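Working through the structure, step by step
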Amino acid sequence: PGGVRWVGERRRGRGTALGVRLPWGAKDEPGDRYGLAYLLHETLFKGAGDRDSRALSDAFDYYGARYDVAGGADSTTLSFRFLGENFRPVTALARDVFIAPRFAESDCAAAKELMRQEREHLEDEPAAKAFTLLREAYYGPEWGHCPYGDERASERLTRDDVAAFWDAAFRPGGATAVVTGCFEPDEAERAIDALFERTPGVPGAERRPRGGAPPP
């Protein structure tokens, strides 16, 4: 659906898992904006649509759902685990995360501070530091640069940079989805297709609140 490749495996039991892999990662960061993928992973679930970070977390908790985002040089993966009976409400929440993450200024600032601490920690770990330098030397800066960016680059990163990076990554072409457990194939296909639906003529970044109180 929508250019997304997906595969499903129905299994006995009540549990369901959904994973979506986007072919977009640290290798796609502009050379003067290293660290964007790290900031994206730290802020993507910190509020979406009309829910701030706490409200979004509470909504997932209400349905007993667990979620995660992870990535590397070449991809970003979002995953969700929940009971099959909650397929519709959980995938509706997931759609909010895909379509309208908030990327609040305060959350981006907190993520930048975490990234700074990770860089400092790296300086205290000679083996890890050596591996980071070797990786960049072997793969080159595009594929092998430090995921925590550098001091000068990270200072320039803004909330709008993170939002633009997500907009570039958030496309059905090349995306892969996997569903396993208790689900109906037709419903799963509709839900996966809906994850990538945008309001016609309205770019995703323009639909996002910039943080603060939810709209009425």
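Here the structure is shown first, and the text comes after it.
Residues numbered from 1 in each chain as written. Predicted model: local features only at pLDDT ≥ 70, side-chain atom pairs only at ≥ 80, totals over all residues. Heavy atoms only, no water.

A look at the packing of helix H1 (residues 36-43) against helix H4 (residues 105-123)
Here is the rule we go by: All axes here are fitted lines through C-alpha atoms, helices being fitted over the stretch that makes contact, and every angle between N-to-C directions spans 0 to 180 degrees. Counting from the N terminus, the helices are the DSSP runs of H or I reaching at least four residues and the strands are the DSSP runs of E reaching at least two. We call two directions roughly parallel when the angle between them is under 35 degrees, roughly antiparallel when it is over 145, roughly perpendicular when it lies between 65 and 115, and oblique otherwise. Handedness of a crossing follows from how the near helix is turned relative to the far one, being left-handed for an anticlockwise turn of less than a right angle and right-handed for a clockwise one. Any two residues whose heavy atoms approach within 4.5 Å are treated as being in contact. Residue polarity follows a fixed list, in which Ala, Val, Leu, Ile, Met, Phe, Trp, Tyr, Cys and Pro are nonpolar, Asp, Glu, Lys and Arg are charged, and the others, Gly among them, are polar.
It is at 9 Å that the axes of H1 and H4 come closest, and there the two elements cross at 125°. Between H1 and H4, the interaxial angle falls into the category oblique. Considering the relative orientation of H1 and H4, their crossing is right-handed. Along the contact surface, H1 presents Tyr38, Leu39, Glu42 and Thr43, while H4 presents Asp107, Cys108, Ala111, Lys112, Leu114, Met115 and Glu118. Here the contact of H1 with H4 is built from residues that sort into six nonpolar, one polar and four charged.

Focus on helix H5 (residues 126-139)
As a reminder of what qualifies: Here the expected span of a helix is defined as 1.5 Å times the quantity of residues minus one. Think of it in three bands: with a 1.4 Å probe and only protein chains considered, a residue is buried below 20% of the maximum accessible area for its type, exposed above 50%, and partly exposed in between.
Here H5 is 14 residues long and its end C-alpha atoms lie 20 Å apart, about the 20 Å a rise of 1.5 Å per residue gives. When you tally the buried positions in H5, you get one out of 14 residues, a small fraction of the element.

Details of the packing of aromatic side chains
Given two aromatic rings, their pairing is described by the distance between the two centres and the angle made by the two planes. Counted only if it meets this: Any two rings among Phe, Tyr and Trp, with Trp reduced to its six-membered ring, count as a pair given centres within 6.5 Å; such a pair is stacked if its planes are under 30 degrees apart, edge-to-face if over 60, and tilted if neither.
In this structure the tally under the stated criterion is 15 aromatic pairs. Centroid distance Phe60 to Tyr67: 4.7 Å. Interplanar angle 45°. Geometry classified as tilted. Phe60 sits in the buried class, given a relative accessible area of 0%. When its relative accessible area of 29% is taken as the criterion, Tyr67 is described as partly exposed.

Section: unusual backbone geometry
Of note, the phi angle at Phe103 is positive, near 50°, even though the residue is not glycine. The residue Phe103 is located in the loop between helix H3 (87-99) and H4 in this model.

Let's talk about the nonpolar core
Spelled out, the test is: We define the nonpolar core as a collection of buried residues of types Ala, Val, Leu, Ile, Met, Phe, Trp, Tyr and Cys that are connected through side-chain atoms lying within 4.5 Å of one another.
Ranked by internal contacts, the top residues of the largest apolar core, which has 52 residues, are Leu44, Phe60, Leu78, Phe80, Phe98, Trp166 and Phe196. Take this core: its biggest share by element is seven residues, from H3. Residue contacts for Leu44: discarding those within four places in its chain leaves Val69, Leu78, Val97, Pro101, Phe103 and Trp166.

Some points on the packing of H1 against helix H8 (residues 159-169)
With their axes 10 Å apart at the nearest point, H1 and H8 run at an angle of 90° to one another. With respect to each other, H1 and H8 are oriented roughly perpendicular. Residues Leu36, Ala37, Leu39, Leu40 and Thr43 of H1 form the contact with H8, whose own contacting residues are Asp161, Val162, Phe165 and Trp166. Tallied by class, residues from the contact of H1 with H8 come to seven nonpolar, one polar and one charged.

Quick notes on the state of the cysteines
The condition is simple: Pairs of cysteine sulfur atoms within 2.5 Å are what we label disulfides.
The tally for this structure, following the rule as stated, stands at zero disulfides. In this structure Cys146 is not part of a disulfide, and its nearest cysteine sulfur, from Cys108, lies 19 Å away.

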